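As a plain string of letters, each chain reads:
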Amino acid sequence: MDNREKKGFLKLVRLLYENDCLEHVVLIGSWAEFLYMEDKRLPGYEANIRTLDVDFLVKNLRRPAKQVNLISLAKQNGFLVDSDRLTGVTKFQLEEGLEVEFLISKRGAGEEAALKTNLGITAQSLRHMEMLKENTIVIDYFGMKIEVPSPEAFVLHKMIINRERKQKSAKDRDAIDRMYQHLDMAEFGRIKDRLTNKERQRIDEYLETYIMPEMKQRVKVEEAKNKYRRSLS
């Protein structure tokens, strides 16, 4: 990403912060990866962000208690505001190229594709989002506190939804590969153990298909290197 995109992201975060909205959302998706890297939360980790999409997860559709008109505030700050014709989902577009979308957890029968919120926007309703708002960390960004999923929750979520992502599945696997080696595996296991049977099954399938073969290959390569070194001594 370039400085122009970072400037747009800062402008967006500042809009939410100055209007007491930032505390009611969790930043998810690729821009969470950007913050992990900026905060040096994972030593040695380097994000590879290839999207201009910024996704916020709304924690509670009834918060804040006093409704905010975020659409009006966005327009006042020069953002373009659009709504999906079919679902009504709100999207912001910034002149720096960023496109902002709001998501919310789908619970129960969850037939609604989108839900109106007290932030004054309509958020897309999706499954498997609870784990992201239940396992978070806070990162300071220019004096503003941004809540993001813990890296372990972030990776687990991507493993769960990977097969549903179609053309984006390869990009998500790259993000997982870059982050997996830096995770706290005890925390990874703690979060995984609290998920549903279906979610844990998807994670196990992902690990068996993508992670374990790569780890075995790395072990073979390391063994070959050690064997070669011994032959030289």
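Please refer to the structure higher up on the page.
The following refers to the structure shown. All residue numbers here refer to positions counted from 1 along the written sequence of the relevant chain. Since the coordinates come from a predicted model, pLDDT governs what is reported: local features require at least 70, and pairs of side-chain atoms require 80 or more to be given and counted, while whole-chain, interface and lining totals use all residues. Values shown for side chains rest on all heavy atoms present in the structure; no hydrogens or waters enter the calculation.

## Quick notes on the layout of surface pockets
Approximately 840 Å³ is the volume attributed to the largest pocket. A 1.4 Å probe that fits into a set of points on a 1 Å grid over the protein atoms alone but cannot get out defines a cavity; an open set with protein on both sides within 12 Å along at least five of seven lines defines a pocket, and lining residues are those with an atom within 4 Å of a point. Lining the largest pocket are 32 residues, and of these D55, L103, L126, I161 and R165 sit closest to its centre. Each helix is a run of H or I in the DSSP string that is no shorter than four residues. Each strand is a run of E no shorter than two, and both are numbered from the N terminus. At the level of elements, strand 2 (53-58), strand 5 (99-105), strand 7 (122-126), helix 5 (151-161) and helix 6 (169-180) are the ones that each hand at least two residues to the lining of the largest pocket. In terms of residue class, the lining of the largest pocket is made up of 10 nonpolar, 8 polar and 14 charged. Grid points are joined across faces, edges and corners, and a volume is the space filled by probe spheres set on the points. Roughly 300 Å³ of internal volume is contained in the second largest pocket. As for the second largest pocket, its lining consists of 17 residues, and the residues nearest its centre are E130, M131, L195, T196 and E199. Broken down by secondary-structure element, the contributors of at least two residues to the lining of the second largest pocket are helix 4 (130-134) and helix 8 (197-232). Per element, the largest residue contribution to the lining of the second largest pocket is 3 residues, and it comes from helix 4. Classifying every residue of the lining of the second largest pocket by side-chain character gives 4 nonpolar, 5 polar and 8 charged. Three classes are used, and their members are as follows: Ala, Val, Leu, Ile, Met, Phe, Trp, Tyr, Cys and Pro are nonpolar, Asp, Glu, Lys and Arg are charged, and the others, Gly among them, are polar.

## Quick look at the pairing of strand 7
One bridge is not enough; two strands pair if DSSP finds at least two bridges between them. Sheet topology places strand 5 next to strand 7; 3 bridges connect them, and they run parallel. Within the sheet, the bridge partner assigned to I104 lies in strand 7 and is S125. Taken together, the 3 bridges between strand 6 (residues 114-116) and strand 7 define a ladder with antiparallel strand orientation. Within strand 7, the residue paired with K116 across the bridge is T122. Hairpin connection between strand 6 and strand 7: a loop of 5 residues separates the two successive antiparallel strands, and G120 in this loop has a positive phi of roughly 85°.

## Focus: the packing of helix 2 (residues 30-38) against helix 5
Across the interface, helix 2 lies against helix 5 with an axial gap of 11 Å and an inter-helix angle of 150°. Relative to helix 5, the element helix 2 is oriented roughly antiparallel. Handedness of the crossing formed by helix 2 with helix 5: left-handed. Side by side, helix 2 and helix 5 meet where A32, E33 and Y36 of the first sit next to P151, F154 and K158 of the second. When its residues are assigned to classes, the contact of helix 2 with helix 5 shows 4 nonpolar, no polar and 2 charged. Note on method: axes are straight lines fitted to C-alpha atoms, helices fitted across the in-contact stretch only, with angles between N-to-C directions ranging 0 to 180 degrees. The scheme is simple: roughly parallel for angles under 35 degrees, roughly antiparallel for over 145, roughly perpendicular for 65 to 115, oblique for anything else. In a left-handed crossing the near helix is turned counterclockwise from the far helix by less than a right angle, and in a right-handed crossing that turn is clockwise. Pairs of residues are marked as contacts when any of their non-hydrogen atoms sit within 4.5 Å.

## A look at the nonpolar core
In terms of nonpolar packing, the biggest core is built from 68 residues, with F9 and M159 touching the most fellow members. For this core, the element with the most residues is helix 5, which contributes 7 residues. With residues near it in sequence (within four places) discarded, M159 still touches I176, Y180, F188, R202, I203, Y206, L207 and I211. In plain words, nonpolar cores are sets of buried Ala, Val, Leu, Ile, Met, Phe, Trp, Tyr and Cys residues tied together by side-chain atoms within 4.5 Å. Exposure categories follow from relative accessible area, calculated using a 1.4 Å probe and restricted to protein chains: below 20% of the type maximum is buried, above 50% is exposed, and the middle band is partly exposed.

## Brief notes about empty space enclosed by the protein
Picture a little ball the size of a water molecule; that probe, rolled over the atoms, points out where space is still empty. Counted under the stated rule, the structure contains 1 cavity of 30 Å³ or more. Considering only enclosed or pocket space, the largest cavity measures out at about 60 Å³ in volume. Elements with a contribution of two residues or more to the lining of the largest cavity: helix 2 and helix 6. If one sorts the elements of the lining of the largest cavity by residue count, helix 6 sits on top with 4 residues. Counted by class, the lining of the largest cavity contains 2 nonpolar, 2 polar and 5 charged residues.

Don't take any of this as a statement about function, it's just geometry.
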